[in-house]
Amino acid sequence: DTAVSQTPKYLVTQMGNDKSIKCEQNLGHDTMYWYKQDSKKFLKIMFSYNNKELIINETVPNRFSPKSPDKAHLNLHINSLELGDSAVYFCASSPYTSGGPGGQYFGPGTRLTVT
Amino acid sequence: AQSVAQPEDQVNVAEGNPLTVKCTYSVSGNPYLFWYVQYPNRGLQFLLKYITGDNLVKGSYGFEAEFNKSQTSFHLKKPSALVSDSALYFCAASSGNTPLVFGKGTRLSVIA
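Counting of residues starts from 1 at the beginning of each chain's written sequence and follows it residue by residue. Both sets of labels track the order of writing: A upward for chains, 1 upward for ligands. Given that this is a predicted model, residues contribute local features only at a pLDDT of at least 70 and side-chain atom pairs are listed and counted only at 80 or more, while totals for whole chains, interfaces and linings are drawn from all residues. The basis for the side-chain values is all heavy atoms of the structure; hydrogens and waters are excluded.

J.: Residues and numbers for the environment of B:Thr98, please.
T.: Every helix listed is a DSSP run of H or I at least four residues long, and every strand listed is a run of E at least two residues long, numbered separately from the N terminus. You can see B:Thr98 is positioned in the loop between β10 (87-94) and β11 (101-102). Distance from B:Thr98 to B:Gly62, taken between C-alpha atoms, is 29 Å for residues 36 residues apart in sequence.

J.: Describe the packing of aromatic side chains, with residues and values.
T.: Aromatic rings considered in pairs are described by the distance between their centres and by the relative angle of their planes. Residues and elements named next belong to chain B. The criterion for an aromatic pair is that two Phe, Tyr or Trp rings (for Trp, the six-membered ring) have centres within 6.5 Å, with stacked assigned to planes under 30 degrees apart, edge-to-face to planes over 60 apart and tilted to the rest. Tallied over the entire structure, the rule returns 15 aromatic pairs over all chains. Aromatic side chains Phe34 and Tyr36 sit 6.4 Å apart centroid to centroid with 35° between the ring planes, which places their arrangement in the tilted category. The two residues Phe34 and Tyr36 agree in class, both being buried. Summary of the burial criterion: residues with accessible area below 20% of their type's maximum are buried, those above 50% are exposed, and those between are partly exposed, where the area comes from a 1.4 Å probe applied to protein chains only. Taking the relative accessible area as the measure of exposure, Tyr36 reaches 0% and is therefore buried.

J.: Any chance you could break down the state of the cysteines for me, citing the residues and the numbers?
T.: Our working definition of a disulfide is a cysteine sulfur pair at a distance within 2.5 Å. For the structure on display, the rule yields two disulfides over all chains. Here A:Cys23 connects covalently by a disulfide to A:Cys91, the sulfurs 1.8 Å from one another. Between A:Cys23 and A:Cys91, the disulfide has an S-S torsion of -75° and is therefore left-handed. In this pair, A:Cys23 is assigned in strand β3 (residues 19-25) and A:Cys91 in strand β9 (residues 87-94), connecting sequence segments 68 residues apart. With respect to burial, A:Cys23 and A:Cys91 carry one shared label: buried. One disulfide bridge connects B:Cys23 with B:Cys91, the sulfur atoms lying 2.0 Å from each other. Of note, the bridge from B:Cys23 to B:Cys91 carries an S-S torsion of about -65° and is left-handed in sense. Taken together, the residues span a long stretch of sequence, with B:Cys23 in the loop between β3 (19-21) and β4 (24-26) and B:Cys91 in strand β10 at a distance of 68 residues. In this structure, B:Cys23 and B:Cys91 share a single accessibility class: buried.

J.: Help me get a handle on the nonpolar core, residues and values and all.
T.: All names here are of chain B. Of all hydrophobic cores here, the largest spans 28 residues; its most connected members are Trp35, Leu47, Leu48, Phe74, Leu76 and Tyr89. Listing elements by their share of this core, those giving two or more residues are β2 (10-14), β3, β5 (32-38), β6 (44-50), β8 (64-68), β9 (73-78), β10 and β12 (106-111). Top contributing element to this core by residue count: β10, with four residues. Here, the term nonpolar core denotes a set of buried Ala, Val, Leu, Ile, Met, Phe, Trp, Tyr and Cys residues that are joined through side-chain atoms within 4.5 Å.

J.: Give me the sheet that holds β3(A): which residues, what numbers.
T.: Adjacent strands of a sheet pair through backbone hydrogen bonds, lying either parallel or antiparallel. Residue and element names in this part refer to chain A. The strand order across the open sheet formed by four strands is β1-β3-β8-β7, and the pairing between neighbours is antiparallel. Single-partner strands in this sheet number two, and they are β1 (4-7) and β7 (64-70). Within this sheet the neighbouring strands show an average axis-to-axis angle of 20°, counted without direction. A pair of strands counts as paired when DSSP detects no fewer than two bridges linking them. Here β3 runs beside strand β8 (residues 73-78); their pairing, made up of four bridges, is antiparallel. When the bridges of β8 are listed, Glu24 appears paired with His73. Interaxial angle, 0 to 180 degrees, is taken between N-to-C directions of lines fitted to C-alpha atoms, where a helix line uses only the stretch in contact.

J.: Could you give me a rundown of the interface of chain B and chain A, with the residues and numbers involved?
T.: Facing the 21 residues of chain B at the interface are 21 residues of chain A. Both sides of the chain B and chain A interface together cover about 1,600 Å² of buried area, and 59% of this is carbon and sulfur. Salt bridges are defined as contacts in which a side-chain nitrogen from Lys or Arg sits within 4 Å of a carboxyl oxygen from Asp or Glu. Applying the counting rule to chain B against chain A returns zero salt bridges. For the purposes of these results, a polar contact is taken to be a pair of N or O atoms within 3.5 Å, where, inside protein, one atom must be able to donate a hydrogen and its partner to accept one; residues adjacent in sequence count only when each atom of the pair is a side-chain atom. Linking chain B with chain A are two residue pairs in polar contact (both at pLDDT 80 or more), by the criterion used here. Put simply, the parts of the chain that give the side of chain B that touches chain A at least two residues each are β5, β6 and β10 of chain B. It only takes one pair of heavy atoms within 4.5 Å for two residues to be counted as in contact. Simply put, the buried area is the total loss of 1.4 Å probe accessible area from both parts when two parts are fitted together.

J.: Explain unusual backbone geometry to me, and be specific about the residues and the numbers.
T.: Following A:Thr7, the chain continues to A:Pro8 via a peptide bond in cis, the omega torsion being -5°. For A:Pro8, the position within the fold is in the loop between β1 and β2 (10-13). Residues other than glycine seldom take positive phi values, yet A:Lys41 does so here, at roughly 75°. Examined against the element boundaries, A:Lys41 turns out to sit in the loop between β4 (31-37) and β5 (43-50). Even without being glycine, B:Asn41 reaches a positive phi, approximately 60°. Looking at B:Asn41, the relative accessible area reads 52%, which means it is exposed.

Structure follows, in structure tokens:
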């Protein structure tokens, strides 16, 4: 059984388009995250939700809007895509708020390419 | 501000030799420390963690890490490297009520 799943795995789109990435976890965790991994493999947190409530919102353009319909899902919607948005986006979940002692469980990633 | 440093971008080691991937951290209070591994085109997989207790932590795939409070380090080690260990390794730290901060990653290459 997949613990943290993301769809789609690959996403190729043109500048200016709007796209969404979906994430689901079946671990019963209360906290979910979105991370961006750039071409140099640097991993940076974007958002964190605890039980559907936004708790972390790092310096991310407001073109990025997370939505959590329930605590098992955290979707990422991106408006007006730009070339610099090309990256791999990882969803993660954790039983604890913020860092916590439990670590985080990552999804397989969504490779977004903006042309 | 919290930070994690992985001073080596790349570590090369011969198969069968011991390996070390270095990590130092800066966290206020008691740290929660983690190692993750990323294989090509895959997500991050949890390897091991230090929360409290014994300074030597054992994890998956024969890896271990040693917590050194005085040196603020949490180096990842394995006594005998395998070619299949070749991957990207991330160290991460948190104070428990702050977001997890990741190092920039170290690419391990094990040569047969």
